[in-house]
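Chains, contacts and geometry: an overview
What follows is each chain in one-letter form.
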Amino acid sequence: MSISDRKIPNVLITGTPGTGKTTLSELLATVTGFQHIVVGDLVKQKELHDGYDEEFDTYILNEDKLNDELEDMLVEGGKIVDFHSCEVFPERFFDIVVLLQTDNSKLYKRLAARGYSQKKITENVECEIMQVVMEEVYDSYKEEIIIRLPSDTVEQMEQNISVIQEKIESYIQAHSA
Ligand code: ADP
Ligand code: MN
């Protein structure tokens with residue numbers, strides 16, 4: 001599977017937990033007809049993990065199992081993959097990579113509203129402050145396929161949808177021979 005084989009792009013939506021990946025992905029799936037894959041749910045459903053980490057309150061991802069599972073799903077293109085990390089995937093999986101970023105105090109409130117423990121809230125807000133996911137994104141993908149978008153307000157989310165749709169359209173145009 002190489003980038004040029006796909007006529008329709010695969011889109012990765014990434015960002016710190018709480019930045020709005022799932023909300024944006026659902027909306028994007030509705031307007032594009034693309035299929036939304038919530039990686040966290042897939043990992044649980046198909047047991048693509050090596051058990052639960054009590055200390056970090058999360059599943060221990062089995063990257064090989066996850067990527068084997070995704071590989072087949074992504075061949076055709078037209079998928080929106082929603083995950084808080086992006087360095088686990090091979091570069092060839094994605095044609096468009098969207099990084100969402102949120103103001104720290106807004107992010108704090110969203111995670112608190114979700115009922116996260118204080119530890120988990122702090123961990124994630126620090127992750128956003130340190131721009132951990134942003135660094136991962138730029139280390140893992142070519143700059144020209146990355147779109148970095150603010151995700152503080154609903155207006156921005158709507159604007160983001162338009163930006164991503166345009167990127168999808170131009171990919172499809174460039175790959176229709
Ligand atoms: P993630 O999937 O990245 O963890 P969610 O999509 O679950 O984030 O969003 C977390 C919370 O933030 C939800 O309550 C959602 O309604 C809200 N939210 C998401 N995106 C925005 C946005 N652009 N503006 C305001 N609130 C948002
Ligand atoms: Mn989510």
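Up top is the structure these notes are about.
It should be emphasised that the depicted structure is a prediction, and the values quoted were computed from it without experimental measurement.

Overview of the pairing of strand β3 (residues 49–53)
Regular strands place side chains that alternate from one sheet face to the opposite one. Pairing between β3 and strand β4 (residues 58–61): three bridges, direction antiparallel. Residue pairing across strands places Y52 opposite Y59, the latter belonging to β4. Between β3 and β4, which pair antiparallel in sequence order, lie four residues; one of them, D57, sits at a positive phi of approximately 55°.

Observations concerning the sheet that holds strand β1 (residues 11–14)
Spatial ordering of the open sheet is given by β2-β5-β1-β6-β7, a layout of five strands whose pairing is parallel. Edge strands, defined here as strands with exactly one partner in the open sheet, are β2 (35–38) and β7 (146–150). Pairs of neighbouring strands in the sheet enclose a mean axial angle of 20°, with direction left out of account. Running over the sheet, helix α3 (residues 63–74) touches β2 and β5 (79–82) and is turned about 175° from β2. In this fold helix α6 (residues 132–140) packs onto β1, β6 (96–101) and β7, with an angle of close to 165° to the strand it touches most, β6.

Description of empty space enclosed by the protein
Counted under the stated rule, the structure contains one cavity of 30 Å³ or more. If you trace the largest cavity, you find it lined by T16, L99, L100, Q101, C127, E128, Q131, V132, V133 and M134. Mapped onto the lining of the largest cavity, the elements with two or more residues apiece are β6, α5 (118–129) and α6. In terms of residue class, the lining of the largest cavity is built from six nonpolar, three polar and one charged.

Thoughts on the layout of surface pockets
Taking a probe equal in size to a water molecule and rolling it over the atoms shows the remaining empty space. The computed volume of the largest pocket comes to approximately 1300 Å³. Forming the walls of the largest pocket are 42 residues, and the residues nearest its centre are P17, K21, F83, H84 and Y116. Taken together, the residues that form the lining of the largest pocket break down as 16 nonpolar, 13 polar and 13 charged.

Brief notes about the site of ligand 1
Lining the immediate surroundings of ligand 1 are 14 residues, of which G18, K21, T22, T23 and R114 lie closest. Within the backbone of T19, one N or O atom sits 3.4 Å away from an oxygen atom of ligand 1. Summarising the interface, the protein chains cover 73% of the accessible area of ligand 1, which totals 560 Å² for the free molecule. Because more than half of its atoms lie within 2 Å of the grid, ligand 1 is assigned to the largest pocket. Counting only elements with at least two residues in the shell around ligand 1, the list comes to α1 (21–32) and α7 (154–174). It is α1 that contributes the most residues to the shell around ligand 1, three residues altogether.

Regarding a nonpolar patch on the surface
Taken together, the side chains of I129, M130 and V132 present a nonpolar region at the surface, about 290 Å² in accessible area. Given the relative accessible area of 38%, V132 is considered partly exposed.

A short note on the packing of aromatic side chains
Under the defined criterion, the tally for this structure stands at six aromatic pairs. When the centroid spacing of 4.9 Å and the interplanar angle of 80° are considered together, the rings of Y52 and Y59 count as edge-to-face. Under the relative-accessibility criterion, Y52 is labelled partly exposed at 36%. For Y59, a relative accessible area of 34% puts it in the partly exposed group.

Cut-offs used in this document
- Residues numbered from 1 in each chain as written.
- Chains lettered and ligands numbered in written order.
- Predicted model: local features only at pLDDT ≥ 70, side-chain atom pairs only at ≥ 80, totals over all residues.
- Heavy atoms only, no water.
- Pairing = 2+ DSSP bridges.
- Helix = DSSP H or I, 4+ residues; strand = E, 2+ residues; numbered from the N terminus.
- Axes fitted to C-alpha atoms, helices over the stretch in contact; angles between N-to-C directions.
- Contact = heavy atoms within 4.5 Å.
- 1 Å grid on protein atoms, 1.4 Å probe; cavity = no way out; pocket = protein on both sides within 12 Å on 5 of 7 lines; lining within 4 Å.
- Points joined across faces, edges and corners; volume = space filled by probe spheres on them.
- Nonpolar A, V, L, I, M, F, W, Y, C, P; charged D, E, K, R; others polar.
- Near = heavy atom within 4 Å.
- Polar contact = N/O pair within 3.5 Å; in protein donor to acceptor, adjacent residues only side chain to side chain.
- Areas by Shrake-Rupley, 256 points an atom, 1.4 Å probe, with all protein chains shown as cover.
- Sits in = over half its atoms within 2 Å of the grid points.
- Patch = residues over 30% accessible without salt bridge, like charges linked within 9 Å, V, L, I, M, F, W, Y side chains within 5 Å.
- Salt bridge = Lys/Arg side-chain N within 4 Å of Asp/Glu carboxyl O.
- Buried < 20%, exposed > 50% of the residue type's maximum accessible area, 1.4 Å probe, protein only.
- Phe/Tyr/Trp six-rings, centres within 6.5 Å; stacked < 30°, edge-to-face > 60°.

Such coordinate-based values are descriptive only and should not be taken to indicate function.
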